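Now for the letters of each chain:
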There are 4 protein chains.
Amino acid sequence: MGKREDILMATLDLITVEGLQSVTFAKIFKHAKVGSGTVYNYFNNKEELVNELYKEIGTHMSNFVIENYDVNETLYEKFKFFLKKMAEFAINYPKEIQFLENYSHSPYISEEIRNKPVPTMNEFFTIILEGQKQGIIREMNLMMCCQIVTGLILSVIRGFLNNKYPLGEVEIQQTIESCWKAIKI
Amino acid sequence: MGKREDILMATLDLITVEGLQSVTFAKIFKHAKVGSGTVYNYFNNKEELVNELYKEIGTHMSNFVIENYDVNETLYEKFKFFLKKMAEFAINYPKEIQFLENYSHSPYISEEIRNKPVPTMNEFFTIILEGQKQGIIREMNLMMCCQIVTGLILSVIRGFLNNKYPLGEVEIQQTIESCWKAIKI
Amino acid sequence: MGKREDILMATLDLITVEGLQSVTFAKIFKHAKVGSGTVYNYFNNKEELVNELYKEIGTHMSNFVIENYDVNETLYEKFKFFLKKMAEFAINYPKEIQFLENYSHSPYISEEIRNKPVPTMNEFFTIILEGQKQGIIREMNLMMCCQIVTGLILSVIRGFLNNKYPLGEVEIQQTIESCWKAIKI
Amino acid sequence: MGKREDILMATLDLITVEGLQSVTFAKIFKHAKVGSGTVYNYFNNKEELVNELYKEIGTHMSNFVIENYDVNETLYEKFKFFLKKMAEFAINYPKEIQFLENYSHSPYISEEIRNKPVPTMNEFFTIILEGQKQGIIREMNLMMCCQIVTGLILSVIRGFLNNKYPLGEVEIQQTIESCWKAIKI
DNA sequence: CATGAATGAGGGTTCATTCAT
DNA sequence: AATGAATGAACCCTCATTCAT
């Protein structure tokens, strides 16, 4: 019954609590209730395990965010949709978003995997670009513009995950509004 | 020249390039051109060394940002001043800001040190709070409001450090403007 | 075709190429195209497998050498016959002779099997002993005398296996002659 | 006091008794009365340790055999000298000769080191070659001729090491005589 | 203060062996 | 009889830390 899943989940759990730094295989084996050699039937080594975890979580988030996405909506609606979905993902899968947040810049994740373009993100870039063309969003470096929006919302999420404040409907609305104001004309 | 400084600088250099994960004492000794036992004259162990580094960099940034700060300026000017100084710090000390960014949430940094209130940050909180009282800044959770601003600017800086775009005067102005719009009424 | 044979042959192949040192069961399974558990239907463990291989190869060589042996020939003819047959065996079954050569003194082969008297060898001893009695072969320790002859021919074979020179009819004749001269009066 | 030597000696002892096959680092540490990490101050890994041992023993034997060698002696005297010295070395350093014997063809010893030409051997080759030129030694492949002599004497030594017979002055003389007869005209 | 050889607990990984299918 | 996923003891090796110099 899904040893692979068991191992990945145990790894995520442990990294969340103790940090990648101090997660040892011994802990993973114990937590996943699996023999020490079993991991190597699924992953060639520790690095591969963590990278695989990163990939799976990335895919999960991507799929979650894109679900029910309607291309034909107005630009603003699509913008809001994305941010709302990201907030929802964070609330539903705090460990996963925290993992992505913490290690998406870590050298432990292979450059190849780290820089793999995420379709969801590309879609989001397109929205911003379109907004600039329509004169709704301010002229500025496209990458920087994205960085502003995603940085803002993820920062708010991080604050929530660190128990600095609740993240209910109201706060989500306020944050999305902030994102929009930050880049609109 | 101070061995202590040599060790701290070597540590920062190595962490920047390879990540805390793979920085060993052996590498630090070699890079700092210091005998292996020497570290223990200054730091009790590796964790203490990293935490000390964290503290020193935090202080450095704090001092840098607060320098030339004028309490008597208008609220908006003070707001801009802080953000500009943070951007300048990032440009002048990329390794340091990157270190703070990457490890300020790591369990490797002791909770005590990580959560120590930074005077500079308190001053910034005060500005936001004052703005809300004066009806210039939107009513929202104070912590969240701060998270929005700092998250936004640091995200832009991160993008710059990752070579996604340049960070000249124009971009800094745009970013500060975005910060302000994101939270003003 | 017999799985048992497949396993033994795969083992011999691998040992020849990589040395007993680095031959693992995993490699044997793969090379023999056999499930990992299958070996245990035939051999109780790895040591037994290797010892069994040793035994089989020993028997094979013994049978090969004794084939067509004529007890009624002159002593010198019988002497030449044996040595010629050993050389032929080496040429026809290089992996097998190499295996015997390399591991006949290894502690990995159980003492019991290693020291089991080989009928063929006994026959050879008898020839030497007879030669000494007849005053054709020099008086010296019987074991040492055998050691001289077998060591000489096997050394020549080893050189051939290591590609130091060819081993044609001429060389075989020369070697046998050397053997004879080395021990005759 | 000579940890490096301690480790090399412990390794040789263990290999002699148990075979390279089953010599683990744990056993070496224990036998050498050395901390487990200490080995790595002298050797990068196990393979390097064994190869280094091989090299040192090879040098030792070479030096031993060449000692007191007189180039101006007659060819036959020089021939005898070498073989006598090899026998003496075997008697005085049985573990070392056994190690060389067993592993000089093992893939565990790097090809580079294994095939490094030994000056002593070259000198011996020269003697044989000279003998052939003078018409004292039979015409045959030079390498094979050497293989005959060295194989013969080493085989006798091996028999002695395996307690098959004593190896006193008489036996040594007989063996050297056999060597000479085996290749002379 | 400064050094670096020595240490050994603990890390990731291998691999002979088992057992349910 | 045949399989191969699962196992865990034991492997090699790393690295923070100590201590005699």
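Residues numbered from 1 in each chain as written. Chains lettered and ligands numbered in written order. Predicted model: local features only at pLDDT ≥ 70, side-chain atom pairs only at ≥ 80, totals over all residues. Heavy atoms only, no water.

Student: How do you make sense of the pattern of salt bridges when you look at a structure like this?
Tutor: Opposite charge on two side chains makes pairing possible when the charged atoms of those side chains draw close. Scanning all chains against the criterion turns up 42 salt bridges over all chains. The salt bridge involving B:Glu56 is made with B:Arg4; its shortest N-O contact spans 2.5 Å. Here B:Glu56, found in helix H4 (residues 46-66), pairs with B:Arg4, found in helix H1 (residues 3-18); they are 52 residues apart in sequence, far enough to count as distant. On the basis of relative accessibility, which here comes to 32%, the residue B:Glu56 falls in the partly exposed class. Close ionic contact of C:Glu101 with C:Arg158 constitutes a salt bridge, the shortest N to O distance being 2.3 Å. Separated by 57 residues along the polypeptide, C:Glu101 in helix H6 (residues 94-103) and C:Arg158 in helix H9 (residues 142-161) bring together distant segments of the chain. Each member of the pair, C:Glu101 together with C:Arg158, is buried. Within the structure, one salt-bridge network assembled from shared partners comprises A:Lys84, A:Glu88 and A:Glu169. (Salt bridge = Lys/Arg side-chain N within 4 Å of Asp/Glu carboxyl O. Helix = DSSP H or I, 4+ residues; strand = E, 2+ residues; numbered from the N terminus. Buried < 20%, exposed > 50% of the residue type's maximum accessible area, 1.4 Å probe, protein only.)

Student: What am I meant to see in the UniProt feature "DNA-binding region" (unreviewed entry) in chain A here?
Tutor: Mapped onto this numbering, the UniProt entry annotates "DNA-binding region" (unreviewed entry) at residues 24-43 of chain A. In residues 24-43 of chain A, helix accounts for 60% and strand for 0%; the two terminal C-alpha atoms are 15 Å from one another. (UniProt positions renumbered as here; feature names shortened; annotations may be inferred.)

Student: Explain the arrangement of the chains here, please?
Tutor: Over all C-alpha pairs, chain A and chain C never come within contact, reaching a minimum spacing of 13 Å. Chain D makes no contact with chain B, the minimum C-alpha separation between the two being 13 Å. (Contact = heavy atoms within 4.5 Å.)

Student: Please explain the protein's contact with DNA strand E as it appears in this structure.
Tutor: Around DNA strand E, the surrounding shell holds 33 residues, and the nearest of these are A:Phe25, B:Ser36, C:Phe25, D:Thr38 and D:Tyr42. Separating a phosphate oxygen of DNA strand E from a backbone N or O atom of B:Gly35 is a distance of 3.0 Å. Looking at the surface near DNA strand E, the elements that each hand over two or more residues are helix H2 (25-32) of chain A, helix H3 (39-42) of chain B, helix H2 (25-32) of chain C together with helix H3 (39-42) of chain D. (Near = heavy atom within 4 Å. Polar contact = N/O pair within 3.5 Å; in protein donor to acceptor, adjacent residues only side chain to side chain.)

Student: Explain the interface of chain C and chain D here, please?
Tutor: One frequent convention defines the size of an interface as the accessible area lost when the parts assemble. Facing 35 residues of chain C, the contacting portion of chain D comprises 35 residues. Both faces combined, the contact of chain C with chain D buries some 3,100 Å², and carbon together with sulfur accounts for 55% of it. A per-residue breakdown of the area chain C buries against chain D is headed by C:Gln21, C:Met144 and C:Gln147, which together make up 21% of the total. Joining chain C to chain D, the criterion identifies two salt bridges. Where C:Arg138 meets D:Glu177, a salt bridge forms, and the shortest distance between an N and an O atom there is 3.8 Å. Summed over the shared surface of chain C and chain D, the number is 10 residue pairs in polar contact (both at pLDDT 80 or more). If you list the elements that add at least two residues to the side of chain C that touches chain D, you get helix H1 (3-18), H9 and helix H10 (169-183) of chain C. (Buried area = accessible area lost by both parts, 1.4 Å probe.)

Student: Explain the protein's contact with DNA strand F to me, please; I cannot follow it from the model alone.
Tutor: For DNA strand F, the set of nearby residues contains 31 residues, the closest of which are A:Thr38, A:Tyr42, B:Phe25, C:Ser36 and C:Tyr42. One of the side-chain N or O atoms of A:Ser36 is found 2.8 Å from a base nitrogen in DNA strand F. Between a phosphate oxygen of DNA strand F and a main-chain N or O atom of B:Lys46, the distance comes to 3.0 Å. Residue assignment for the surface near DNA strand F shows that the elements contributing at least two residues are helix H3 (39-42) of chain A, helix H2 (25-32) of chain B together with helix H3 (39-42) of chain C. By residue number, the principal contributor to the surface near DNA strand F is H2(B), which donates three residues. Across the surface near DNA strand F, the residue classes break down as 10 nonpolar, 17 polar and four charged. (Nonpolar A, V, L, I, M, F, W, Y, C, P; charged D, E, K, R; others polar.)

Student: Before we go on, may I ask you to explain the environment of C:Ala90 in this structure?
Tutor: All names here are of chain C. By the secondary structure assignment, Ala90 is in helix H5 (residues 75-92). Residue classification places Ala90 among the buried residues on the basis of a relative accessible area of 0%. Spatially, the C-alpha atom of Ala90 lies 8.4 Å from that of Leu161, the residues being 71 residues apart in sequence. Beyond its immediate chain neighbours, meaning those up to four positions away, Ala90 contacts Ile97, Ile157 and Leu161.

Student: Quick question: what am I supposed to make of the nonpolar core here?
Tutor: Generally speaking, nonpolar side chains in soluble globular proteins are found buried as a group. Within the largest apolar cluster, 126 residues are counted, with the highest numbers of intra-cluster contacts made by A:Phe79, A:Phe99, A:Ile183, B:Phe79, B:Phe99, B:Ile128 and B:Ile183. In this structure, this core is formed jointly by two domains, domain 1 (1-42) and domain 2 (54-183) of chain A, each of which donates at least three residues. Excluding residues that lie within four positions of it along the chain, A:Ile183 makes contacts with A:Phe79, A:Ile128, A:Ile137, A:Arg138, A:Cys145, A:Ile148 and A:Val149. With 125 residues, the next largest nonpolar core counts C:Leu83, C:Ile128, D:Ile15 and D:Val39 among its residues. (Core = buried A, V, L, I, M, F, W, Y, C linked by side-chain atoms within 4.5 Å. Domains from an automatic or database assignment.)

Student: Help me understand H1(B), please; the structure alone is not making it clear to me.
Tutor: An α-helical segment advances 3.6 residues per turn. Residues three or four places apart therefore align on the same side. Residues and elements named next belong to chain B. For H1, which comprises 16 residues, the first-to-last C-alpha distance of 22 Å matches the rise-based estimate of 22 Å (1.5 Å per residue) to within 8%. Every buried residue of H1 is accounted for by Ile7, Leu8, Ala10, Thr11, Leu12, Leu14 and Ile15. Close packing links the buried residues of H1 with H2, H3, H4 and helix H6 (94-103). Gly19, located one to two residues past H1, shows a positive phi value of around 85°. (Expected span 1.5 Å × (residues − 1).)

Student: Sorry if this is basic, but what is going on with the interface of chain A and chain B here?
Tutor: Contact with chain A, which involves 35 residues of that partner, is made by 34 residues of chain B. Between chain A and chain B, roughly 3,000 Å² of surface is buried when both sides are summed, and carbon and sulfur atoms account for 55% of that area. Put simply, chain A and chain B have two salt bridges between them. Joining chain A to chain B, the criterion identifies 10 residue pairs in polar contact (both at pLDDT 80 or more). Going through the elements one at a time, helix H1 (3-18), helix H9 (142-161) and helix H10 (169-183) of chain A are the ones with two or more residues in the side of chain A that touches chain B. Looking at the side of chain A that touches chain B element by element, the count peaks at 10 residues for H9(A). Here the residues of the side of chain A that touches chain B sort into 13 nonpolar, 13 polar and nine charged.

Student: Help me understand H2(C), please; the structure alone is not making it clear to me.
Tutor: Residue and element names in this part refer to chain C. For H2, every residue scored as buried is listed here: Phe25, Ile28, Phe29 and Ala32. Angular distribution of buried residues about the axis of H2 spans 100°; they occupy a single face of the element. Those residues of H2 that are exposed and aimed more than 90 degrees away from the buried face are Ala26 and Lys30. If you follow the buried residues of H2, they end up packed against H1, H3 and helix H4 (46-66). Phi for Lys33, located one or two positions after H2, is positive at around 50°. (Arc of directions from axis to C-beta.)

Student: Whenever I open this one, the environment of B:Leu49 confuses me. Can you help?
Tutor: Residue and element names in this part refer to chain B. Mapped onto the secondary structure, Leu49 falls in helix H4. Here Leu49 falls in the buried class, since its relative accessible area comes to 0%. For Leu49, the residues in contact, after removing those within four places along its chain, are Ile7, Leu8, Thr11, Phe25, Ile28 and Phe43.

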